[in-house]
Amino acid sequence: MSLFINGQWLAGEGPAFQSLNPADGSLAWEGRGASPAQVDAAVAAARQAFVAWADKSVEERLAIINAFGEQLKANKEALARTIAEETGKPFWETQTEVAAMIGKIAISSRAYEERTGLVENDVAGGRAFIRHKPHGVVAVFGPYNFPGHLPNGHMVPALISGNVVVFKPSELTPKTAEHTLKLWEAAGLPAGVINLVQGELETGKALAGHAGIDGLFFTGSSNTGQLLHKQFGGRPEKILALEMGGNNPLLVRDVADIKGAVHEILQSGYISTGQRCTCARRLFVPKGAKGDELVNALVTAVKAIKVGGQFDEEQPFMGPLISEKAALGMVAAQDKLKALGGEVLVELKHLQTGTGRVSPGLIDVTAISDLPDEEYFGPLVQLIRYDDFDAAIEQANNTRYGLSAGLLSDSRDDWDYFFRRIRAGIVNWNKQTTGASGAAPFGGVGASGNHRPSAYYAADYCAYPVASVEAEAVSAPASLAPGLSL
Ligand SMILES: NC(=O)C1=CN([C@@H]2O[C@H](COP(=O)(O)OP(=O)(O)OC[C@H]3O[C@@H](n4cnc5c(N)ncnc54)[C@H](O)[C@@H]3O)[C@@H](O)[C@H]2O)C=CC1
Ligand SMILES: O=C(O)CCC(=O)N[C@@H](CCC(=O)O)C(=O)O
């Protein structure tokens, strides 16, 4: 039973598909996707549930959402196991993912009040109000890298605002979606408020193109996001929030603590096996002896990163990539950079046929004059040695993306200068580019998003503002406009 529509678990009537454990290629989940008729049924069920859900007070909605939070707490380990099995992320890390899902509820509740709460002003003869209303039926599309936390980051604020949801998870992580929906069901979510449609491309297309949705909240690749943007062209009445990828720069300038800098670089480039949209892809290090010292220390540390299976007793820092295809794709990316003139300092290797297991890589691409502006979604950091800070910032900005960026430098002046010039939605100083806070807006510029950031600002795209001027009774004014008489 792979679909959850109108409070019922149903077998899919679309094509069969599977998800595999990327550490060993074993079967994690199999089922059938939703047929177009089942996507219709999910949208219709959501539409039918909308008025009653939106009519509830926010406290009533939050009572159910908090009950889901309790389910997450009670089942934290089990859900973390499911995510680890399906994504390959180490178990220590997937426990932090479930913790982020739990934390999302309080953050979103606060954001709802602070960003979309009631505002009241005096106007002549009455009162003016700003209130917000839900859009209605929203489709939520999730990526595979955070199959629990990132769709949850759209769904929780959407529900708090009074929307109802049709959720299309990544086809690589159907088991996590099913597990999450079971927790919503156990929390007493009314039928139709979240509907789960599993499936591959055809399901995604049927949902994204469905006339019955009022909006779509997407986290995934820039290519898919751009397709959706085109598909939504000419439909300005529908809200589209796009959280997409990045080709993120991390600049090093003047740091005394080499180990500290190397630690921030590892956490930026290699966490989640490089499968975070916020991962640093391009590392800028000054030329000269100090820079050499840092690069040597980095090479040693990258070689020492512990790689392993998600459930290994001695936990690794990096699990496998999501699939063997992704692993081969990263080897191909390294080969391409090598052919363009890159010098491999630590080779990224595919470690085991039939799995996503890879070792981390570091490649010096300083000699490449026309570096591809690509997001290589894996543990391969591109090193660029520079002479001039201004030129390095200019090169860092030379990307169509603009998600995250960072500076490692002990100088506040450097930071102030960098902050003014760098172009990204997340800009950090002496801190990793990853691990963004849910209590801040989360989104990027350029090809990384469409100016509808998520996390703390998700409340903004989950509701539309309504302006009202109100008086308790109609009354004629003391003086009339010229040319009027009563
Ligand atoms: N900015 C952000 O908040 C984040 C962005 N990402 C980005 O996500 C990507 C990795 O996730 P993936 O799962 O590979 O993304 P993806 O774009 O392949 O898939 C995302 C979702 O869209 C669906 N989809 C794919 N093609 C579609 C189409 N033509 N029409 C309708 N639906 C379609 C998929 O089935 C999936 O549910 C990376 O590029 C990463 O940078 C990941 C996490 C956070
Ligand atoms: O949505 C939030 O609560 C904050 C954003 C977040 O969790 N970002 C993470 C993961 C997203 C990714 O990079 O795939 C991060 O910045 O590491």
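Please read all numbers here as calculations on a predicted model, not as lab measurements.

Right, let's get into the site of ligand 1. Lining the immediate surroundings of ligand 1 are 27 residues, of which Pro143, Gly204, Gly220, Thr224 and Gly245 lie closest. Elements represented by at least two residues in the shell around ligand 1 include exactly α7 (201-208) and α8 (222-231). Broken down by element, the residue count for the shell around ligand 1 peaks at 4 residues, all from α7. When the residues that make up the shell around ligand 1 are grouped by side-chain class, the tally is 13 nonpolar, 9 polar and 5 charged. In this structure, the shell around ligand 1 is formed jointly by two domains, domain 1 (3-244 + 449-470) and domain 2 (249-429), each of which donates at least three residues.

Our focus in this paragraph is the confidence of the model for the protein chain. Scored by pLDDT, the protein chain comes out at a mean of 97, with 100% of its residues at no less than 70. Scored as a complex, the prediction yields pTM 0.97 and ipTM 0.94.

Time to look at the domain arrangement of the protein chain. According to the domain assignment, the protein chain consists of domain 1 (3-244 + 449-470) and domain 2 (249-429). Computed over C-alpha atoms only, the centres of domain 1 and domain 2 are separated by 31 Å. Taken together, the 18 residues of domain 1 in the interface contact 19 residues of domain 2. Mapped by element, the contributors of at least two residues to the side of domain 1 that touches domain 2 are α3 (76-87) and α4 (91-116). Residue contributions to the side of domain 1 that touches domain 2 peak at 3 residues, all from α4. Class assignment of the residues belonging to the side of domain 1 that touches domain 2 gives a composition of 9 nonpolar, 6 polar and 3 charged.

Another point: the site of ligand 2. Arg276, Thr278, Ala436, Gly438 and Ala455 are the nearest of the 15 residues found near ligand 2. Among the elements of the structure, α5 (149-161) and β20 (454-455) are those that each provide at least two residues to the shell around ligand 2. The residue makeup of the shell around ligand 2, split by class, is 6 nonpolar, 8 polar and 1 charged. Shared between two domains, the shell around ligand 2 holds at least three residues of each, these being domain 1 (3-244 + 449-470) and domain 2 (249-429).

All right, on to the sheet that holds strand β6 (residues 126-134) then. Taken in spatial order, the 3 strands line up as β5-β6-β21 in an open sheet, and their pairing is antiparallel. Sheet topology places β5 (119-123) and β21 (463-470) at the edges, where each strand pairs with a single neighbour. When strand polarity is set aside, the average angle formed by the axes of neighbouring strands in this sheet is 25°. Pairing of β6 with β21, which is carried by 8 bridges, proceeds in the antiparallel orientation. Bridge assignment links Ile130 to a residue of β21, and that residue is Ala467.

What follows deals with the sheet that holds strand β17 (residues 404-408). Spatial strand order, β14-β15-β16-β13-β12-β17-β18: 7 strands in an open sheet with mixed pairing. Looking along the sheet, the strands with just one partner apiece sit at the ends: β14 (343-346) and β18 (426-429). Averaged over neighbouring strand pairs, the angle between their axes works out to 20° when direction is ignored. With 5 bridges joining them, strand β13 (residues 280-286) and strand β16 (residues 380-386) adopt parallel strand pairing. Looking at the pairing, Phe284 lines up with Ile384 of β16.

With that settled, the discussion passes to the packing of α3 against helix α6 (residues 174-186). Their axes nearest at 8 Å, the elements α3 and α6 cross at an angle of 165°. Viewed along their axes, α3 and α6 adopt a mutual orientation that is roughly antiparallel. Taken as a pair, α3 and α6 cross one another with a handedness that is left-handed. Across from Leu79, Thr82, Ile83 and Glu86 in α3, the residues of α6 making contact are Lys175, Thr176 and His179. The residue inventory of the contact of α3 with α6, partitioned by class, reads 2 nonpolar, 3 polar and 2 charged.

Residues other than glycine seldom take positive phi values, yet Ser272 does so here, at roughly 55°. With respect to the element layout, Ser272 can be found in the loop between α9 (258-269) and β13. What makes Ser272 buried here is the crowd of 24 C-beta atoms within 10 Å.

The subject of this paragraph is the UniProt feature "binding site: NAD(+)" (unreviewed entry) in the protein chain. In this numbering, the UniProt entry assigns the feature "binding site: NAD(+)" (unreviewed entry) to Gly220, Ser221, Ser222, Asn223, Thr224 and Gly225. Mapped onto the elements, Ser221 comes out in the loop between β10 (215-219) and α8. Discounting chain neighbours no more than four positions away, the residues touching Ser221 are Met244 and Gly245. Apart from residues lying up to four places away in sequence, Ser222 is in contact with Met244, Gly245, Glu375 and Ala447.

Cut-off values and rules
Residues numbered from 1 in each chain as written. Chains lettered and ligands numbered in written order. Predicted model: local features only at pLDDT ≥ 70, side-chain atom pairs only at ≥ 80, totals over all residues. Near = placed C-beta within 6 Å. Helix = DSSP H or I, 4+ residues; strand = E, 2+ residues; numbered from the N terminus. Nonpolar A, V, L, I, M, F, W, Y, C, P; charged D, E, K, R; others polar. Domains from an automatic or database assignment. pLDDT = per-residue confidence, 0-100. Contact = placed C-beta atoms within 7 Å. Pairing = 2+ DSSP bridges. Axes fitted to C-alpha atoms, helices over the stretch in contact; angles between N-to-C directions. Parallel < 35°, antiparallel > 145°, perpendicular 65-115°, else oblique. Left-handed = near helix turned anticlockwise from the far one by under 90°. Buried ≥ 20, exposed ≤ 12 C-beta atoms within 10 Å, placed from the backbone. UniProt positions renumbered as here; feature names shortened; annotations may be inferred.

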